[in-house]
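Understanding the architecture of this molecule
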Amino acid sequence: MTTLLATERIKLFTTRSPWWSALLALGLTIGMAVMVALNHGGNNPLRVEHSQFGIQFGLMIITVMAALAITTEYRFATIRTTFQAVPNRSGVLLAKCVVVAVLAGVLGEIAAFGSWAVARMIDSSPELAISTGDDLRMVAGAGLVFALAAVLSVAVGVLVRQSAGALSILLIWPLLVENLVALIPNVGRDIQDWMPFINAGRFLNPVPEAPQSPWGSLLYFAGVTAALLIAALVVANKRDA
Amino acid sequence: MTLLAVERMKLFSTRSPWWCTAIALAITIGFGALMSGTSNAASPMNVAATQFGYTFGLVVVMVMAALAITTEYRFSTIRATFLAVPNRPTALLAKTAVVAILAGIVGELCAFGSWGISKLIKSSADLGIDTAYEWRAVAGVGLVYAIAAVIAVGVGVLVRHSAGAIALLLIYTNLVEGLVTLIPTIGPKIHRWLPFNMSNAFITGDADITTRPINEGPPPAEAGLGPWPALLYFAAFAVVVLVIAITTAKRRDA
Amino acid sequence: MIEAVGLTKRYGKTLAVDNLSFSVPTGRVTGFLGPNGAGKSTTMRMILGLDTPTGGSALIDGKRYRDLHQPLRTVGALLDAKWVHPNRSARAHLQWMAKSNKLPARRVDEVLEIVGLTAVAGKRAGGFSLGMSQRLGIAAALLGDPQVLLFDEPVNGLDPEGILWIRKFMHRLADEGRTVFVSSHLLSEMALTAQELVVIGRGKLISQSSTEDFVAQATENTVRVRSPQLAVLRGALGRLGANLRDEGENLVVSGMDCADIGELAAREGVVLHELSPQRGSLEEAFMQLTGDSVEYHTELTDGQTPATLVPAGK
């Protein structure tokens, strides 16, 4: 397994897209925190959650990066080379998930703490201190959400195999579908409670009306991710490479 | 005219436009059906609510438009194109026109399809398209799709990679414009002048007679201009993107 | 007639094509020869208006490609057989190209017939083998019945049958009075296909001549000598100014023929075990010429190792 992990790490970092994605994710997230902190004025003090407004930028870009990590293998047929070198397909794909997830997790932590730190540098209001458990979960939890989202993206990438298709699904689903379902009369809100990315968001930013606790929400997101990953592994093992 | 025919042949001899058209129609009309099916006395159906899914169709159409040009780069058929038609601006304008026309037609089909299915399901509801607002809400969808397709082609020419272009378009339209409003003080002011907010203002702005609660359709936009100027603004933005794209393509090695 | 004048292409710091001037005459197959990375494809792309030259110009019958009206009627090109949308059928690919230059639709079926793809015309091009893709590319090049044709490495990766087919095809096109410009990194292939040769190395022109002249001029004639008294013979030959090179136990002499060397040996009373004329191979000659810019002084005498190779001019 360590060999597989090392292999996947080399594969990931010898292409350009993870570097670009990392730069963009950090730049946009922290940049958003700067914008918010600089323009914040008036009566409401700047709080921890304000510094985390940009975290969704980072999340979406990490999603793109993770999906590309596997779809580009299909596009350039390097997946065949990979399976030729290591016929244990589940092992290969799990190793890729781990590597991508670790990178995503690290970037998530840097993005979240970086956003908080720049906000803190610009504005020294005491409300910006990480004092409660909720505050800590909101910032430190970003890495967990990023890592899980990365695994989910790899799974979707394995299932779809095309960059364009995988990205369309992975961006349209959380950004549009999950938000718009709430507008369906009567049943919309109840459906939304069981949307995976909504739950991931509620882990960081809990809402009182949610049926699950914050950690319950994260668990649900992890469950959806696991289900997709298992589906992806089964399909990859059955399918011709 | 010949070039328009050429681009039409190219577009329809691949599979992605068919797929995207089918998905756009299914989602928008499906949501129209969902909306009318779940409506009741407490939240009655109206014309605006039938267009609930128009933003879905919009993103799918933009993906289709971007792919129409990025796949040419991916498979290097853009070189074959420029060999056959060395006048690059003409070739790209022809493609943009064809894609925009298709997007417009898909938009009208989505809009009237959603409206039609709602009328079938809730024949009792007041779904007559009478006011200027109601016409814009339904028939305007095609215009917005066509202009959005022009933007997507422009971005596709500039970025040249499917993944990059799609990520840029989807993240911008669905995340950036929305998140901008979260910036305190200046955020909402900037948002009033962002292009896709403007296009939304054309569809949902000036909700004259049909004043409606937020859960009955796409929420009305807070834009800096009235509906028709907003559409012009949106179109002007598309033209700027396209001009930059064509200038770049002309200068760049194919 | 294709004419390149001072054609230059710079990518950042690297000069891919350096002040290249040559002309491709009408009615002949002209080979465009150079090792991989010499700038052949870049040059062809500049001729076809795909890439903009940093300097100089390339003209086809006196016009830039981008100024040609309906260019497929004047110039046909096959630069890369994979420049096809994989989900488009072969016929659909040719149809849109024909339409773009207002060529009649029946021309599509004609060229499919010429290259022998009629049976698979409705199949998606992505499923084609390399040979079939190459044929489709040639069909596209022939669409407008052009007088000028460019082919970039058309035989690369083809099986012997495919290579033979292409070779015959080029000759047929030239016999019909067309200008055929075909690139390759294989001199042996070009020697069989081309009548004229434009040879480049590292983006620079090395020679332009007929294939015959090039081969004659490039391949040096040498004589191999084997003798138990090589030292004596070496001294005598050296005094006459012959070029000598050791090759294992043998001596390779250039600048003198067998008769001269034999007579000299008789005069000096040297026993000869072998005296045989050698003809340099085409590939060697080619390497010698195009390798110019990376040339090393090879003074490999007995006991010396390649570690002592010194770059020219240092």
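Throughout, a residue's number is its position along its own chain's written sequence, starting from 1. Starting at A for chains and at 1 for ligands, labels are handed out in the order in which the entities are written. Confidence filtering applies because this is a predicted model: local features only for residues at pLDDT of at least 70, side-chain atom pairs given and counted only at 80 or more, and all residues used for totals across whole chains, interfaces and linings. Only heavy atoms go into the side-chain values, all of them from the structure, while hydrogens and water stay out.

Concerning the interface of chain C and chain B
Interface size, as often reported, equals the accessible area lost upon joining of the parts. Note on definitions: a residue-residue contact is assigned when non-hydrogen atoms from the two residues lie within 4.5 Å. Across the boundary between the two partners, chain C contributes 28 residues, which contact 27 residues of chain B. Summed over both partners, the interface of chain C with chain B comes to about 2400 Å²; 64% of that surface belongs to carbon and sulfur atoms. For salt bridges, the criterion is a side-chain nitrogen of Lys or Arg within 4 Å of an Asp or Glu carboxyl oxygen. For the pair chain C and chain B, the number of links is one salt bridge. Asp253(B) is paired through a salt bridge with Lys9(C); the nearest N and O atoms lie 2.6 Å apart. Throughout this description, a polar contact denotes any pair of N or O atoms lying within 3.5 Å of each other; where both atoms belong to protein, one of them has to be capable of donating a hydrogen while the other can accept it, and for residues adjacent in sequence the pair is counted only when both atoms sit in side chains. Here chain C and chain B share eleven residue pairs in polar contact (both at pLDDT 80 or more) between them. Put simply, DSSP marks the helices as runs of H or I at least four residues long and the strands as runs of E at least two long, and each gets a number from the N terminus on. Elements supplying a minimum of two residues to the side of chain C that touches chain B: strand 1 (2-11) and helix 2 (90-100) of chain C. Among the elements that line the side of chain C that touches chain B, the one with the most residues is helix 2 of chain C, at six residues. Reported buried area values correspond to the accessible surface (1.4 Å probe) lost by two parts on association, with both partners' losses combined.

Describing the interface of chain A and chain B
Contacts between chain A and chain B engage 28 residues on the former and 32 residues on the latter. For the pairing of chain A and chain B, the buried interface totals around 2800 Å² over both sides, and the portion due to carbon and sulfur atoms is 78%. Three residues, Asn39(A), Leu183(A) and Pro185(A), lead the burial of chain A against chain B; their summed loss comes to 20% of the area buried on that side. Along the contact surface separating chain A from chain B lie one residue pair in polar contact (both at pLDDT 80 or more). Listed by contribution, the elements that provide at least two residues to the side of chain A that touches chain B are helix 2 (17-39), helix 4 (55-75) and helix 8 (163-180) of chain A. Counting residues per element, the side of chain A that touches chain B draws most heavily on helix 8 of chain A, which supplies ten residues. Under the grouping applied here, Gly and all other residues not named as nonpolar or charged are polar, the nonpolar ones being Ala, Val, Leu, Ile, Met, Phe, Trp, Tyr, Cys and Pro and the charged ones Asp, Glu, Lys and Arg. Of the residues belonging to the side of chain A that touches chain B, the class tally is 21 nonpolar, six polar and one charged.

Describing the packing of helix 7 (residues 133-160) of chain A against helix 8 of chain A
Residue and element names in this part refer to chain A. Note on geometry: axes are lines fitted to C-alpha atoms, helical ones only across the stretch in contact, with angles between N-to-C directions running from 0 to 180 degrees. Taken N-terminus to C-terminus, the directions of helix 7 and helix 8 make an angle of 140 degrees; their axes are 9 Å apart at the nearest point. In terms of axis orientation, helix 7 runs oblique to helix 8. In the packing of helix 7 onto helix 8, the handedness of the crossing is right-handed. Contacts from Leu152, Ser153, Val156, Gly157 and Val160 in helix 7 reach Gly165, Ala166, Ile169 and Leu170 in helix 8. Partitioning the contact of helix 7 with helix 8 into residue classes produces six nonpolar, three polar and no charged. Should an angle lie under 35 degrees it is considered roughly parallel, over 145 roughly antiparallel, and from 65 to 115 roughly perpendicular; all remaining angles are considered oblique. Left-handed describes a crossing in which the near helix is turned anticlockwise from the far one by less than a right angle; the clockwise case is right-handed.

A short note on the sheet that holds strand 4 (residues 55-60) of chain C
Residues and elements named next belong to chain C. When DSSP locates at least two bridges between a pair of strands, those strands are taken to pair. What the three strands build is an open sheet, ordered 2-1-4; its pairing is antiparallel. Of all strands in the sheet, those with a lone pairing partner are strand 2 (14-24) and strand 4, marking the two edges. Between one strand axis and the next, the sheet turns by 20 degrees as a mean value, whatever way the strands run. With seven bridges connecting them, strand 1 and strand 2 associate as antiparallel partners. Residue pairing for strand 2: Lys9 is matched across the bridge by Val17.

Re unusual backbone geometry
Look at Ser76(B): it is not a glycine, yet its phi comes out positive at around 60 degrees. Topologically, Ser76(B) is positioned in the loop between helix 4 (54-74) and helix 5 (77-84). Three labels apply to residues, based on accessible area from a 1.4 Å probe with only protein chains included: buried if under 20% of the type maximum, exposed if over 50%, partly exposed otherwise in between. Judged by its relative accessible area of 14%, Ser76(B) is buried. In the Ramachandran plot, Arg202(C) falls in the positive-phi region, its phi being about 50 degrees despite a non-glycine side chain. Its place among the elements puts Arg202(C) in the loop between strand 8 (196-201) and strand 9 (204-210).

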